[in-house]
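# Descriptive analysis of the structure
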Amino acid sequence: MNILRMSLSILKKLQSNLLKTGCLLLFISFGLVGTAHSQNQSFTLVLLPDTENYITQFPDTFYAQTRWIAKNAKAQNIKYVLHLGDLVKNNTEFEWDVARNAFQFLEGKVPYALATGSRDMTMDPQISRDSLFSKYFPVAEFKAWPTFGGVYDKSPDDARNIYHLFEAAGRKWMILVLEYAPRDDAVRWANEVVSQHSDHSVIVLTHTYLNSLGKHYTSSNSPYQPLGGDNNGKQLWDKLVSQHANIVLVLSGEHGPPAQRLTSTGTKGNQVQQLMMSYQSLPRGGQGWMRMMHFLEDGKTVEIQDYSPTQDTLNPRPDSQFVMKLFHANDPPQPNAFLSVFQQQAEQGDPNAQYRMGEFYELGYEIEQDIEKAVEWYEKAVQQGHAQARDAWIGALLNLGYIYEVGYGRPQDLEASAKWYSQASAQGHPEAQKMFLRIAVSLGSLYENGYQSERYINQGVEVDYKKSVQWYREAAEWGDIRAMKQIAALYTRKDGSIFDLQEAAKWYQKAADIGDLQAQVQMGHFHLMGYGVQKDPEQAAKIYQAAANRGSTVAQSNLALMYYEGHGIRKDLAKAIEWYRKAADQGDTKAQTNLGSIYENGEGTDQDYEEAVKWYRKAALGGEPNAQTNLGNMYLLGHGVKQDYQRALRWYREAANQGHPKAQFNMGNLYRFGSGVAPDMEIALKWYQRAAQQGHARAKVSYNEVQNILKDQSADSYFQKARQAGE
């Protein structure tokens, strides 16, 4: 995988010599370990996105993040750690203890600013803003820091609205922290504070601001409907952020996809960069990802990387590695004269200038970022034989594929993503081929199941099995086994227009020939039943035998059944027991049930009720209705266990609720005769009816009997009331 590396020196010399050593994804190398920075030059801010799931499930990940920050604070010149809100999940003492312990690692090493989210308040933020936050992070502690600025004047003992001041890269900076869904009066205070510090570049830190599409939250798309008078992202932009030329950056968390970015122009003509990131929906609560924002010595260029100390790796996503420019108030305009020169030369056909124009558009350096335009310029340079442009072109194609795949800054569009990945793949790039395969499978699934989302282009797609097969075929032709099996499964669906068992058999066989165990078992079933191939139980037994030897529990269970019945293979109860036990030991509930039945009836072995109960119970706990019914029978009859009508009732009910007709019939009997439960003919009638509707013959007879009994009881009651009235 070729990686774009742009160092500080390259940025400084970009006017005369832009260099690129490959370009799959933007990778800014600022030295995650051991690189010292002058206090007056570059500096770093570290962003911690929502930690709510770390708090409750993976606290070691949270601790690993703050330990890493403390260890690298000096080398990285980390000026501040910024938490994006939802520190905890349920606002409990225990959870706040964990959060406080995590930040203990930073004490005396690097200051921190903490936004709060809805999770940091009561269980229902629509009712109350009560929080334990200020108990565990009191204002008095922040006041002791040299960077303390002030707190919300109406709540001097609450640190949820606070600002911090520091100097770095030759500039004065303010971090303005605002509560979740800031109240109108808190916004009033924030406006006053920002105006009073017009010589500071302001970074606003709040929790719920940008949504998963990279747009401001509004009253219609907010995840919460907060208290009256509170402000969503759009209102906060209108009332505060857009009104000040010195607000340069807004940082927020809340919901993924992992990251979004929005650039908006304020009322003073200034541009404001707005970022959202949240990894909480990923495995293990977020995989330890945190954002490193490295501010170069100009104070305007920000190199961004997402890093995980638990994985010790950088996130390769394009929305996790990029360069961003800040626009400060009172900075003199910096017209990019050389850009127009490059553009003029590029339009005249100069391949080197075309290559440079691709870089400008890809990086968004002194020009609005536009990856598609970058691709156009790179392609023109490639067509003229520019050596470096080919790698850059492929990298930009991959970036575009990923951007459309995740919906970064535009609606998600997997078909557009597939187009860009396909173009890169056509150039022989191995990673591009893998990405195209992934998207082809995703599109197959999309059309197989349908997909509705406001993030997806045109809001989603309808189920279309033919299109699903088309996309799965794209992947299958590259040897993707998942796609082969999905095609086969689609051809077995009787609810679609493409039902074709011969096609299904063909695709299962392709996957089986490559060695897929599941497909091999399916082919055993197809030969056993004659689905799409000639019916051949002996061939089915051979296939099951091979798959069973490879550890397939389904094949082991099916092979055992064939030995048990002597179907396609010589009957051998000892072999049946052997294979049932192998499958049962691996947790196969059907094998456990059948093994229980063999011991209950003493088939091929001594009758052993206790052994039968053991296997029935394992399968019953696994949700197998046949085993639940059989276990109910054992308790009803006292076979292998002490007779217990109530436990029998419990297991019958479990199976009956899954639609098992025998269990439903037995439930009717228990209520009819009052075994383990108070007799109730009406409830008995309902259970008999359910079983009868599924064809249970005895249930039909019992249903009629109970119905007649109830009619007779009703008639007796009527005549009794009549006699009483006559008297």
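Okay, so let's go over this structure. (Residues numbered from 1 in each chain as written. Predicted model: local features only at pLDDT ≥ 70, side-chain atom pairs only at ≥ 80, totals over all residues. Heavy atoms only, no water.)

### Considerations on the overall build of the protein
Each helix and strand counted, the protein has 28 helices and 18 strands in total. A fraction of 60% describes how many contacts in the protein between residues 6 or more apart in sequence connect residues 24 or more apart. If you sum the accessible surface of the protein, you get close to 31,700 Å²; carbon and sulfur atoms cover 47% of it. (Helix = DSSP H or I, 4+ residues; strand = E, 2+ residues; numbered from the N terminus. Contact = heavy atoms within 4.5 Å. Areas by Shrake-Rupley, 256 points an atom, 1.4 Å probe, with all protein chains shown as cover.)

### Some points on the sheet that holds strand β7 (residues 162-168)
Here we have seven strands laid out as an open sheet, ordered β6-β7-β8-β9-β10-β12-β11, and mixed in their pairing. One side of each edge strand has no neighbouring strand; the edge strands of this open sheet are β6 (148-151) and β11 (259-265). Sheet twist, expressed as the average angle between the axes of neighbouring strands with direction ignored, equals 20°. In this sheet, strand β8 (residues 171-177) lies alongside β7 in antiparallel orientation, the contact comprising seven bridges. (Pairing = 2+ DSSP bridges. Axes fitted to C-alpha atoms, helices over the stretch in contact; angles between N-to-C directions.)

### Structural notes on the nonpolar core
Within the largest apolar cluster, 69 residues are counted, with the highest numbers of intra-cluster contacts made by Leu45, Ile69, Phe137, Leu249, Leu251 and Met293. Not counting residues within four places of it along the chain, the set of residues in contact with Leu251 comprises Leu47, Leu82, Leu84, Ile203, Val204, Leu205, Thr206, Leu275 and Met293. With 68 residues, the next largest nonpolar core counts Ala353, Ala374, Ala381 and Ala440 among its residues. (Core = buried A, V, L, I, M, F, W, Y, C linked by side-chain atoms within 4.5 Å. Buried < 20%, exposed > 50% of the residue type's maximum accessible area, 1.4 Å probe, protein only.)

### Let's talk about helix α22 (residues 589-601)
Look at α22: 18 Å from first C-alpha to last across 13 residues, which is about the 18 Å you get at 1.5 Å a residue. Buried within α22 we find Thr589, Ala591, Gln592, Thr593, Leu595, Gly596, Ile598, Tyr599 and Glu600. Considering only its buried residues, α22 is in contact with α20 (553-565), α21 (573-585), α23 (609-621) and α24 (625-637). For α22, the capping residue at the N-terminal end is Asp588, with a side-chain oxygen 3.2 Å from the backbone nitrogen of Lys590. Positive backbone phi, at 65°, marks Gly602, one or two positions downstream of α22. (Expected span 1.5 Å × (residues − 1). Polar contact = N/O pair within 3.5 Å; in protein donor to acceptor, adjacent residues only side chain to side chain.)

### Considerations on the pairing of strand β3 (residues 43-48)
Summarising burial for β3: six of the six residues are buried, a large majority. Judged by which residues are buried, β3 turns out to be covered on both faces: Phe43, Leu45 and Leu47 on one side and Thr44, Val46 and Leu48 on the other are all buried. Bridge count for β3 against strand β13 (residues 290-295) is five bridges, and the pairing is antiparallel. Paired with Val46 across the strands is Met292, a residue of β13. Pairing analysis gives five bridges linking β3 to strand β4 (residues 78-83), with the strands arranged parallel. Counterpart to Thr44 in the pairing with β4 is Ile78.

### So, the environment of Gly623
Mapped onto the elements of the fold, Gly623 is located in the loop between α23 and α24. When its relative accessible area of 28% is taken as the criterion, Gly623 is described as partly exposed. Taking the C-alpha atoms as reference points, Gly623 and Ala655, 32 residues apart in sequence, are found 8.2 Å from one another. With sequence-adjacent residues up to four places away left out, Gly623 is seen in contact with Gln628 and Gln658.

### Digging into the packing of α24 against helix α26 (residues 661-673)
Where α24 contacts α26, the two axes come as close as 10 Å, and the packing angle between them is 30°. The angle between α24 and α26 falls in the class roughly parallel. Seen along the crossing, α24 lies across α26 with a hand that is left-handed. On α26, the residues touching Thr629, Asn633 and Leu636 of α24 are Lys662, Ala663, Asn666 and Leu670. In the contact of α24 with α26, the residues fall into three nonpolar, three polar and one charged. (Parallel < 35°, antiparallel > 145°, perpendicular 65-115°, else oblique. Left-handed = near helix turned anticlockwise from the far one by under 90°. Nonpolar A, V, L, I, M, F, W, Y, C, P; charged D, E, K, R; others polar.)

### So, the environment of Glu503
Structurally, the position occupied by Glu503 is in helix α17 (residues 501-514). Considering only alpha carbons, one finds Glu503 and Thr492, eleven residues apart in sequence, at a separation of 8.8 Å. Residues within four places of Glu503 in sequence aside, it is in contact with Arg473 and Tyr491.

### Considering the packing of aromatic side chains
For the structure on display, the rule yields 28 aromatic pairs. Taking 5.9 Å as the distance between ring centres and 80° as the angle between the ring planes, the aromatic pair formed by Phe43 and Phe166 counts as edge-to-face. Taken as a pair, Phe43 in strand β3 and Phe166 in strand β7 lie far apart in primary sequence, 123 residues in all. One exposure class covers both Phe43 and Phe166, and it is buried. Aromatic pair Phe665 and Tyr688: ring centres 5.8 Å apart, planes at 45°, arrangement tilted. A residue pair is termed long-range when its members are at least 10 positions apart, and Phe665 in helix α26 and Tyr688 in helix α27 (residues 681-693) qualify at 23 residues. Among the residues examined, Phe665 registers a relative accessible area of 5% and is labelled buried. Grouping aromatic residues by their ring pairs yields a cluster made of Phe62, Trp96, Phe103, Tyr112, Phe133, Tyr136, Phe137, Phe142 and Trp145. Above the face of the Trp651 ring, Arg650 is positioned so that its terminal group lies 4.1 Å from the ring centre. The aromatic ring of Trp687 is capped on one face by Arg690, whose charged end is 4.6 Å from the ring centroid. (Phe/Tyr/Trp six-rings, centres within 6.5 Å; stacked < 30°, edge-to-face > 60°. Lys NZ or Arg CZ within 6 Å of the ring centre and 35° of its normal.)

### Examining the pattern of salt bridges
Tallied over the full model, the rule gives 29 salt bridges. In this structure, Arg129 engages Glu179 in a salt bridge whose closest nitrogen and oxygen atoms are separated by 3.9 Å. With Arg129 in the loop between β5 (112-114) and α5 (133-136) and Glu179 in the loop between β8 and α7 (184-196), the pair connects residues that are 50 residues apart, well separated along the chain. The exposure class assigned to Arg129 is buried, which follows from its relative accessible area of 12%. By relative accessible area, Glu179 is classed as buried at 2%. (Salt bridge = Lys/Arg side-chain N within 4 Å of Asp/Glu carboxyl O.)

### Some words on helix α19 (residues 537-549)
Here α19 contains 13 residues, and its C-alpha end-to-end distance of 18 Å stays within 8% of the 18 Å for a straight helix at 1.5 Å per residue. Residues of α19 that are buried make contact with α18 (517-529), α20 and α21. Residue Gly551 follows α19 closely and has a positive phi angle near 100°.

### A short note on the packing of α19 against α20
The contact between α19 and α20 brings their axes to 8 Å, and the two run at 135°. Comparing the axis directions of α19 and α20 gives the class oblique. Seen along the crossing, α19 lies across α20 with a hand that is left-handed. In this structure, α19 contributes Pro537, Ala540, Ala541, Tyr544, Gln545, Ala547 and Ala548 to the contact, and α20 contributes Ala555, Gln556, Asn558, Leu559, Met562 and Tyr563. A per-class count over the contact of α19 with α20 returns ten nonpolar, three polar and no charged.

### Looking at unusual backbone geometry
Backbone geometry at Ala169 places phi at a positive 50°, although glycine is not the residue there. As for its position among the elements, Ala169 is in the loop between β7 and β8. In this structure Ala169 comes out as buried when scored by relative accessible area, which is 5%. Despite not being glycine, Arg284 has its phi angle at roughly 55°, a positive value. With respect to the element layout, Arg284 can be found in the loop between β12 (271-277) and β13.

### Considering the side chain of Gln280
Locating Gln280 in the fold gives a position in the loop between β12 and β13. In this structure the side chain of Gln280 is engaged in a polar contact, spanning 3.5 Å, whose partner is the side chain of Asp50. A distance of 3.2 Å separates polar atoms of two side chains, one belonging to Gln280 and the other to Ser278. Excluding its chain neighbours within four sequence positions, the residues that come into contact with Gln280 are Asp50, Glu52, Asn53, Glu254, His255, Gly285 and Gly286.

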